Every structure is written in C-alpha cells, then in structure tokens.
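Chain and residue survey
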Amino acid sequence: MDTRTSVSPDGTIYPLPAEEDYQAELARIERLVEQAREKGQEVVVVMGLGFVGAVMAAIVADTTDEGGSPSKFVIGMQRPSKRSYWKIPLLNKGISPVKAEDPEVDPMIARCVLEKKSLVATYVYDVLCFADCVIVDVQLDYAKNELGNVRNGSVEMSALEESFDVIAHRIKADCMVLIETTVAPGTTEQVALPAMRKIFRQRGITSEPLLAHSYERVMPGRDYVASIRDFWRVCSGVNEEAKRRVVAFLNEVLNTKEFPLTCLDRPIESETAKVMENSYRATILAFLDEWSLFAERNGVDITKVIKAIKMRPTHSNIMFPGPGIGGYCLPKDGGLGIWGSKHILGFDDETFKITPLAIDINDTRSLHAAQLVRDALRNMNIPVASARVLLLGASYREDVGDTRNSGSEIMARRLTEMGVEIRVHDPYVDRWWELESQDDYPSHSKAVFFRNQERLKDLLVLKDLDEALEGIQALVLAVRHEQYLDLDPDAIVARAGQPIAVIDCFGILDDAKIRRYFELGCEVKGLGRGHVKRIKDQVRGSGL
Ligand SMILES: NC(=O)c1ccc[n+]([C@@H]2O[C@H](COP(=O)([O-])OP(=O)(O)OC[C@H]3O[C@@H](n4cnc5c(N)ncnc54)[C@H](O)[C@@H]3O)[C@@H](O)[C@H]2O)c1
C-alpha cells in the first residue's frame with residue numbers, strides 16, 4: 001500500500017504533501033489572513049477536523065457581526081496523516097469531511113468556504129502564529145486492553161500532548177487556547193498549563209498562557225449543528241483573563257441568548273462536568289441491562305414496563321440500551337475520569353465503583369444479543385455455525401452513519417467467531433471502517449478480543465434490503481433506523497424464502513408483528529422481551 005497517499009471515503013486518492021509544499025501553503029494562508037485582518041476579522045485556528053472540529057469550525061466561520069459580515073476567519077488545521085489528510089482538500093472544495101444526516105451541515109460548509117470565504121483548511125502547523133484564538137478538537141482515545149474491563153486500559157495522551165507542544169511553540173502570547181477535547185479532569189491545569197508555560201518561558205514570554213476549557217455535547221445526527229450551536233455550554237479558564245476571553249468568544253459564536261452559558265470556577269470543574277455527565281448516562285443505560293435480562297427470563301416485556309415508568313416525570317430519562325452503548329464518548333469518558341484520578345491527580349484507591357462497572361456492562365451487553373441469535377436458531381434446529389444471519393444496522397444509534405463502538409460490531413465479531421456467515425445492511429453506513437481497517441490499527445481494533453476475524457475486513461455493507469434478505473436464516477434488528485421500524489413480516493419471510501429466526505435487540509417489533517412471525521413459522525427472541533414466549537404459546541395453541 002502506498003504510504004504517501006490518503007484515501008477519502010469515496011475512494012479518491014490524495015497524495016500527502018511533500019516537504020517542499022509547506023512554504024507555499026503557509027504563504028497561501030498568510031495572504032488569506034492578511035485579507036481577513038483588513039476586514040477586521042478575528043483569526044481562529046481549529047485544530048483537528050474530525051466529527052467535532054469540522055462542524056465547530058464551520059459554526060465559527062458562519063458567525064457574523066452586527067452588519068451581517070463574517071466576523072471570524074477560520075483556519076481548520078489537520079495533521080497530514082494517511083488516515084486524515086484527505087479531509088483538507090475535501091473541505092477546501094467546500095465539501096464536508098464528515099457525513100451528516102443534518103441537512104444544515106453541507107450547505108453551511110459550502111457557504112463558508114466558497115461564498116463567505118471565512119473557512120479554509122490546511123496541514124501547516126505554523127499557521128498557529130496567526131491565531132487570536134485556537135480551538136483544540138483533537139481526539140483523546142482511551143485504549144482498553146480487555147473486553148469488559150475498563151480499568152485495564154489507558155489514555156492515549158500523545159496526540160493531545162503533541163498539540164499542546166505544537167501550539168505553545170507557535171502562538172502569540174495573548175492567543176486564547178480553548179480545549180474542547182474531552183480530557184481527564186486535571187489535564188488543563190496539571191498537564192497543558194505547565195507544559196505550555198515552560199515553552200512560553202523558553203520563548204521569553206513572561207505572561208501566562210490563556211488556557212480555557214469548554215466541552216462539546218455534540219450529537220452527530222439530524223441535529224448535528226444545533227447540538228453545538230444551539231445548546232447549553234459549560235466553560236472555565238485557568239485565570240480571570242482566560243475566563244473572560246472564553247465567555248466573550250462563546251457568546252459570540254454560539255446561541256447563548258437562548259442557551260445560557262455556565263462558567264465554572266476552574267477547568268477541573270468543567271472537565272469533571274463532561275466526564276461525569278457521560279458517566280451518569282452510561283450508568284442509567286447499564287442499570288437497564290440486569291432488568292432487561294430479568295424481563296427476558298420472566299415473561300416481562302421491558303419496553304412496556306419502561307413506558308409505564310416514564311409516565312412518572314421524575315423517571316422520564318430511563319432508557320432502553322439496545323444491544324450495547326456505542327458512540328465515541330460514553331464507552332470511554334468514565335475511563336478518563338478513573339485514569340485521571342490515578343495518573344494525574346494521584347489517588348490510587350477504589351473511588352470509582354459504579355462508573356467502571358457500568359462501562360463494562362455496556363461494553364459486553366451485545367454478547368448476550370449474539371447468544372439470543374444462537375438460541376433462536378437452535379430452536380429451529382439450525383446450528384449457528386455456518387448459519388446465514390443478516391444484521392440490520394451497523395451504526396451505534398438510529399438514523400446516523402457513525403459506527404464507532406457500535407453494539408453491532410461486537411455482535412458481528414462474536415457471531416463470526418461462532419462461525420456465522422454474516423451479512424450487514426445499513427442505509428446510513430457506506431463502509432464499516434472498524435472492520436475494514438482492523439489490520440491497519442490492530443491495537444485499536446476489537447478484532448483482537450475474538451478469534452477468526454479475518455474475513456470481516458471484506459464484509460460489504462449492503463444497501464439493497466431485498467437483496468440482503470435473500471436466503472437468510474436469521475434476522476437481527478440491531479438499530480432503530482427508520483427504515484427498520486415497520487418492516488412487514490410476510491414480506492420479510494417471502495424474501496428470505498423460508499421461516500427465519502428474528503432477534504429484536506431494540507424493542508422494534510410490536511406484539512402484532514411478533515405474533516405474525518410466529519404464525520409464519522418463525523422463531524422470535526428479543527433483548528428484554530420475555531413476553532414473546534407467551535405470544536408463541538398462544539400461536540402454537542398451548543398457552544390459552
Ligand atoms: N464525536 C462526538 O460525538 C463527540 C461528542 C462530544 C465530545 N467529543 C469529543 O471531542 C473530541 C474530538 O472528537 P472527534 O469525534 O471530533 O474526534 P475525531 O477523531 O473525529 O477527530 C480528531 C481529529 O484531530 C486530528 N488530529 C489529531 N492530532 C492532531 C494534531 N496534533 N494536529 C492537528 N490535528 C490533529 C485527527 O487527525 C482527527 O481528524 C474528543 O475529545 C471527543 O471525546 C466528541
């Protein structure tokens with residue numbers, strides 16, 4: 001494989017920049033900065049053009065002054081890695097590097113790049129010297145060495161530490177640095193500040209770095225833009241000036257009139273707020289796992305029980321977890337807290353009990369879903385090894401194409417290990433990177449937790465549902481994508497060409513559909529859906 005190129009998801013090959021390209025690229029950006037300064041625009045560098053940075057950059061670039069003219073000039077800065085370089089040429093054409101279901105994303109990026117000319121992307125770190133404000137949106141991964149044991153893992157600080165280093169060597173003394181990356185509590189004041197201060201002193205700068213923290217609550221999906229711009233924010237700064245600057249900046253670029261800002265005293269409080277709010281959510285979801293299993297074993301339909309409980313306003317956020325908790329944040333954020341408590345703040349005790357347990361439960365919940373597939377097939381006298389199973393949905397939540405840490409991935413891996421001939425369909429996912437690239441980033445791949453994973457890297461995500469259904473023996477409803485909510489049992493069985501096992505992982509089937517599948521000779525099982533047995537007995541004439 002050519003290591004000097006970067007391939008975008010649509011297959012376009014971009015050569016990586018060569019050493020001699022850097023000067024010309026810096027000069028190009030410098031000219032644009034001069035034009036921006038003439039227009040009185042503030043220069044903002046967004047570091048990291050991923051799910052958060054690409055859209056945040058566009059939101060800042062879309063900001064206007066009272067006269068309606070762009071008030072910020074934004075330089076999206078992305079390291080020219082093989083994995084990510086393609087985002088730069090794509091964004092410079094006005095095309096979003098992130099696939100979004102939100103119809104606001106594509107036109108906003110096109111508008112800022114092509115019409116307002118307030119957004120540009122580059123790979124040159126030296127553009128940091130132009131910045132009045134730097135926003136850090138690089139990733140901070142938590143590597144788990146075991147499946148279902150978050151304590152056995154560590155925070156991969158290298159990308160973030162490299163960013164602090166690169167920034168401190170280049171920025172102006174009065175540039176405000178806003179860390180949006182989700183970090184372990186203590187990082188801003190105890191990792192970033194001393195590191196940057198040291199470099200400032202080497203550069204002869206006597207003032208303190210103006211470091212601030214404000215975390216993202218972005219939800220890539222239909223409300224992607226609104227979840228950044230029209231949403232409540234929490235922030236803080238390492239000193240009064242940093243706090244003043246971050247409050248002023250966020251008031252300018254976000255809709256804080258309708259969604260007021262909360263400014264906390266110290267960055268460790270803002271950092272804690274982020275990992276704690278996601279640990280809280282992970283915990284509520286994990287709590288449902290044991291009751292879901294109880295329901296399955298005791299004739300209870302968990303979906304109806306949840307609906308009944310939710311009627312009580314104090315319990316309205318109780319949620320059914322489906323086949324696992326994915327996305328980028330919930331599986332790792334609690335881990336950042338646990339790791340930071342030990343490695344940054346120096347507490348080597350058992351402070352955290354509930355948070356790691358919740359993450360471990362969530363990380364392994366889909367293994368049980370795979371068991372249900374095996375059990376349903378066994379009830380039909382079909383051995384799971386070599387059974388043809390179709391997984392409906394690869395992403396981690398409904399109506400998005402984001403597959404990071406999806407329950408479907410664990411299910412696909414476990415079923416493959418069991419010998420299943422797996423197929424997958426997803427209307428939002430074009431390529432399943434976690435499977436396709438499992439050999440490229442082995443230390444990041446969950447493939448290492450399972451056997452016989454080789455063929456998964458060739459698994460194509462099918463787009464034609466009818467074709468995908470042909471000849472299958474089991475159907476797994478894994479994600480609540482709109483397309484899957486009202487599938488007709490008669491049509492499904494007709495396409496399959498025989499009665500099948502149907503495994504409902506997300507409370508998708510209503511009782512009428514479950515009944516119909518049984519009438520068609522199918523077997524049905526579902527996470528938390530103990531009442532299917534009752535329906536089965538009624539249909540088969542033994543439970544009346
Ligand atoms: N994705 C979400 O839904 C979400 C929600 C809330 C918060 N967050 C947090 O936001 C942060 C960013 O997440 P993301 O989803 O955008 O990650 P991502 O992996 O999609 O993007 C990070 C980008 O930063 C780039 N990068 C890394 N090091 C760099 C460097 N030194 N210089 C320039 N670019 C560099 C990477 O190449 C990548 O393009 C994380 O801390 C995450 O926890 C994410």
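Residues numbered from 1 in each chain as written. Predicted model: local features only at pLDDT ≥ 70, side-chain atom pairs only at ≥ 80, totals over all residues. Heavy atoms only, no water.

The environment of the ligand is made up of 28 residues, and the closest members are Val52, Gln78, Lys87, Thr182 and Lys332. For the ligand, an oxygen atom lies 2.5 Å from a polar atom in the side chain of Gln78. One of the backbone N or O atoms of Thr182 is found 2.8 Å from an oxygen atom in the ligand. Look at the ligand: alone it shows 830 Å² of surface, and the protein chains cover 95% of it. Ranked by the residues each element gives to the shell around the ligand, the list is headed by helix H5 (residues 158-170), at three residues. Its residues placed into classes, the shell around the ligand shows twelve nonpolar, eight polar and eight charged. (Near = heavy atom within 4 Å. Polar contact = N/O pair within 3.5 Å; in protein donor to acceptor, adjacent residues only side chain to side chain. Areas by Shrake-Rupley, 256 points an atom, 1.4 Å probe, with all protein chains shown as cover. Helix = DSSP H or I, 4+ residues; strand = E, 2+ residues; numbered from the N terminus. Nonpolar A, V, L, I, M, F, W, Y, C, P; charged D, E, K, R; others polar.)

All right, on to helix H11 (residues 333-343) then. By the criterion of burial, H11 is predominantly enclosed, with nine of the eleven residues buried. Listed in full, the buried residues belonging to H11 are Asp333, Gly334, Gly335, Leu336, Gly337, Ile338, Trp339, Gly340 and Ser341. In this fold, the buried residues of H11 make contact with strand S7 (142-144), strand S8 (153-155), helix H9 (267-297) and helix H12 (354-379). (Buried < 20%, exposed > 50% of the residue type's maximum accessible area, 1.4 Å probe, protein only. Contact = heavy atoms within 4.5 Å.)

We now examine the sheet that holds strand S5 (residues 119-122). The mixed open sheet is built from eight strands, whose spatial order is S5-S4-S3-S6-S9-S10-S11-S12. The open sheet is flanked by S5 and strand S12 (261-263), the only strands paired with a single partner. Across the sheet, the axes of successive neighbouring strands diverge by a mean angle of 25°, strand direction being ignored. As paired strands, strand S4 (residues 72-77) and S5 are joined by four bridges and run parallel to one another. Its bridge partner lying in S5, Met77 is registered against Thr122. Docked against the sheet, H9 engages strand S10 (210-214) and strand S11 (233-237), running at close to 150° with respect to S11. (Pairing = 2+ DSSP bridges. Axes fitted to C-alpha atoms, helices over the stretch in contact; angles between N-to-C directions.)

Our focus in this paragraph is the sheet that holds strand S14 (residues 421-425). What the six strands build is an open sheet, ordered S15-S14-S13-S16-S17-S18; its pairing is parallel. In the strand order of this sheet, the two ends are held by strand S15 (461-462) and strand S18 (523-526), each with one partner. Bridging between S14 and S15 involves two bridges; their strand directions are parallel. The partner of His425 across the bridge, within S15, is Leu462. On top of the sheet, helix H13 (residues 407-417) reaches strand S13 (388-392), S14 and strand S16 (474-477); it is set at about 175° to S13, its chief contact. Strands in contact with helix H17 (residues 511-519) are S16, strand S17 (501-504) and S18; relative to S18, the strand with the most contacts, it is inclined by about 145°.

With that settled, the discussion passes to empty space enclosed by the protein. Inspection of the entire model under this criterion finds four cavities of 30 Å³ or more. Estimated volume of the largest cavity: approximately 130 Å³. What lines the largest cavity is a set of 15 residues, and nearest its centre among them are Ile325, Asp363, Asn405, Ile410 and Lys446. Listing elements by their share of the lining of the largest cavity, those giving two or more residues are H12 and H13. Tallied by class, residues from the lining of the largest cavity come to five nonpolar, seven polar and three charged. Quantified by volume, the second largest cavity comes out at close to 50 Å³. Every residue along the wall of the second largest cavity is listed here: Pro323, Gly324, Ser395, Tyr396, Arg397, Ser406, Gly407, Ser408, Ala478, Val479 and Phe506. Looking at side-chain class alone, the lining of the second largest cavity contains five nonpolar, five polar and one charged residues. (1 Å grid on protein atoms, 1.4 Å probe; cavity = no way out; pocket = protein on both sides within 12 Å on 5 of 7 lines; lining within 4 Å. Points joined across faces, edges and corners; volume = space filled by probe spheres on them.)

Our focus in this paragraph is the packing of aromatic side chains. Within the structure shown, the criterion is met by six aromatic pairs. Look at Phe320 and Phe506: their rings are 6.2 Å apart centre to centre, the planes differ by 70°, and that puts the pair in the edge-to-face class. Highlighted residues: Phe320 in the loop between helix H10 (302-310) and H11 and Phe506 in the loop between S17 and H17, separated in sequence by 186 residues. Relative accessible area serves as the criterion here: at 16%, Phe320 is assigned to the buried category. An aromatic cluster of at least three residues, connected via ring pairs, comprises Tyr22, Tyr85 and Tyr123. Above the face of the Tyr328 ring, Lys332 is positioned so that its terminal group lies 4.6 Å from the ring centre. (Phe/Tyr/Trp six-rings, centres within 6.5 Å; stacked < 30°, edge-to-face > 60°. Lys NZ or Arg CZ within 6 Å of the ring centre and 35° of its normal.)

Once that is clear, we can look at the pattern of salt bridges. Summed over all chains, the structure comprises 43 salt bridges. In this structure, the salt-bridge partner of Asp439 is Lys457, at a minimum N-O distance of 3.0 Å. Of this pair, Asp439 sits in the loop between helix H14 (433-436) and S15 while Lys457 sits in the loop between H14 and S15; the two residues are 18 residues apart in sequence, bridging distant segments of the chain. Relative accessible area serves as the criterion here: at 46%, Asp439 is assigned to the partly exposed category. Taking relative accessible area as the criterion, Lys457 reaches 29% and is therefore assigned partly exposed. Put simply, Asp301, Lys304, Asp504, Asp511 and Arg529 are held in one network by salt bridges that share partners. (Salt bridge = Lys/Arg side-chain N within 4 Å of Asp/Glu carboxyl O.)

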